[in-house]
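This is what each chain is made of:
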Amino acid sequence: MKTAILADLLDFTGDPGLADRQSAHVRWRPAHWLLIDECGRIAAVQPDAPGDDWHKLDHSGQLLMPGFIDTHVHSPQVDVIASWGTELLDWLNTYTFPAEARHADPAVAQTAADLFTDALLAHGSTSAVVFPTVHVTSTEALFGAARQRGMRLIAGKVLMDRHAPDNLRDDVAGAESHCTALIERWHGQGRLAYAVTPRFAATSTDEQLAMAGRLVARHPGVYMQTHVAENRAEVAWIAELFPQARSYLDVYARHGLLNERAVLAHGIWLDAADRQVLADTGAQIAFCPSSNLFLGSGLFGWAQAAAAGVAVSMASDVGGGTSLSMLRTLADAYKVQAMAGQRLTAWALLHAATRGAAQALQLGSEIGTLNPGAMADLCLWDVAVGPVAQRRDALARELHERLFAWVTLGDERNLRTCWVGGVQRYARP
Ligand code: GUN
Ligand code: ZN
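Residues numbered from 1 in each chain as written. Chains lettered and ligands numbered in written order. Predicted model: local features only at pLDDT ≥ 70, side-chain atom pairs only at ≥ 80, totals over all residues. Heavy atoms only, no water.

**Student:** Help me get a handle on empty space enclosed by the protein, residues and values and all.
**Tutor:** Summed over the entire model, instances satisfying the criterion amount to 3 cavities of 30 Å³ or more. Roughly 100 Å³ of volume is contained in the largest cavity. Leu-88, Trp-91, Leu-92, His-227 and Glu-230 are, among the 13 residues lining the largest cavity, the residues nearest its centre. Looking at the lining of the largest cavity residue by residue, the class counts come to 5 nonpolar, 4 polar and 4 charged. (1 Å grid on protein atoms, 1.4 Å probe; cavity = no way out; pocket = protein on both sides within 12 Å on 5 of 7 lines; lining within 4 Å. Points joined across faces, edges and corners; volume = space filled by probe spheres on them. Nonpolar A, V, L, I, M, F, W, Y, C, P; charged D, E, K, R; others polar.)

**Student:** Please give an account of the packing of helix 2 (residues 106-122) against helix 3 (residues 136-149) that cites residues and values.
**Tutor:** Two numbers describe how helix 2 lies on helix 3: the axes approach to 8 Å, and their chain directions differ by 40°. With respect to each other, helix 2 and helix 3 are oriented oblique. As helix 2 packs across helix 3, the resulting crossing turns out to be right-handed. Residue-level contacts link Pro-106, Ala-109, Gln-110, Ala-113, Asp-114, Phe-116, Thr-117, Asp-118 and Leu-121 of helix 2 to Thr-137, Ser-138, Ala-141, Leu-142, Ala-145, Ala-146, Gln-148 and Arg-149 of helix 3. (Axes fitted to C-alpha atoms, helices over the stretch in contact; angles between N-to-C directions. Helix = DSSP H or I, 4+ residues; strand = E, 2+ residues; numbered from the N terminus. Parallel < 35°, antiparallel > 145°, perpendicular 65-115°, else oblique. Left-handed = near helix turned anticlockwise from the far one by under 90°. Contact = heavy atoms within 4.5 Å.)

**Student:** Give a detailed account of the coordination of the zinc ion (ligand 2), specifying residues and quantitative values.
**Tutor:** Only His-72 (NE2), His-74 (NE2), His-227 (NE2) and Asp-317 (OD) from the protein coordinate the zinc ion (ligand 2), and they sit 2.0 to 2.3 Å from it. Motif for the zinc ion (ligand 2), donor spacing along one chain: H-x1-H-x152-H-x89-D. Here the residue His-72 occupies a position in strand 5 (residues 68-74), and His-227 occupies one in strand 10 (residues 223-228), the gap between them amounting to 155 residues. His-227 matches His-72 in its accessibility class, with the two residues each being buried. (Donors = N, O, S within 2.8 Å, 3.2 Å for Na, K, Ca; no water. Buried < 20%, exposed > 50% of the residue type's maximum accessible area, 1.4 Å probe, protein only.)

Written out as structure tokens, the structure is:
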């Protein structure tokens, strides 16, 4: 039977900008019905209840939004979330590489993929751009788990052929044939897409980056994901490793890795020329504020990026980040920008985690929106949980104030229900 949900609906019809609390692109439809067709797509949104042929769910007073899109997260790193005392390069060697090595074991990879995809949904993220490990087993397990849950997921085997432990290194020829097979098997299967995934410039040789560029050129429609300019010691190391490149970003540009399907995490230590390259190619920055604070990496300049025309989306970067909750991630983003004197609206934050990310991923008609025809990837939220948030909510005078408090105080405990393609995939116990 077809399902209709009554709730307070929020989504965006355009980019609300960074600081406009009155933006006309905010679409607020309180006490509306959202209708889901038999194919799991949004059929309509209307103020009146539909007829008897619809199964009706009354969630009056709760907030219904498109599911969040986490544009940079590592599935195996749930095992190292909240690891103490290191900056990026030490953190990789001390905690992350040993944990990722365990995913060569198919049983470990399978358990991790199931736990990770369930956890994403339980935090309100229905789509994600994900790094598994260097192992084909872990990539297969991740794609399989996402397919089982009907999720829009973009991922690819991590490429690293140097500066990593023996049990985490691949080589150019082997990686090329594994990637080609994975692309043929998974890219475009249902809601899955492949991303060519050089971990970062330090862990791939020039030859491997060139091979990644060939894969991107040979398979139009695949994505590319990597890290860029996250940490100052990392940036200095890349300059030593690639003396011929103008900048860290230029290493990727030279290998043909930047286009409108490229997702680069962090981008803290970029210059104006880099921002121009990102804007010209359509490559997006996945801003990871929780990770940037936790690892002490630096403060991303969103306003500068936006002024240059760079697309910015939001990402948890677990396990560098300390939560899969996009609400917590957005709250951290607000604080990071406040350090630069920029006050982001709740609209700017929520847009970046929904429609903004979808547009930047070229998926704007499928996800991140409540437009008819989009997939019914939906999350139902309590705006306030617990006495403090409830008190704050009761005192809020207008919508922006209410929802900014939700973003700032909320987390996965505010999530009631999550649907993916119209199928309920999470319900709060
Ligand atoms: N740079 C290279 N690998 C990683 C990773 O796993 N996490 C983060 N935050 N940065 C990286
Ligand atoms: Zn990362």
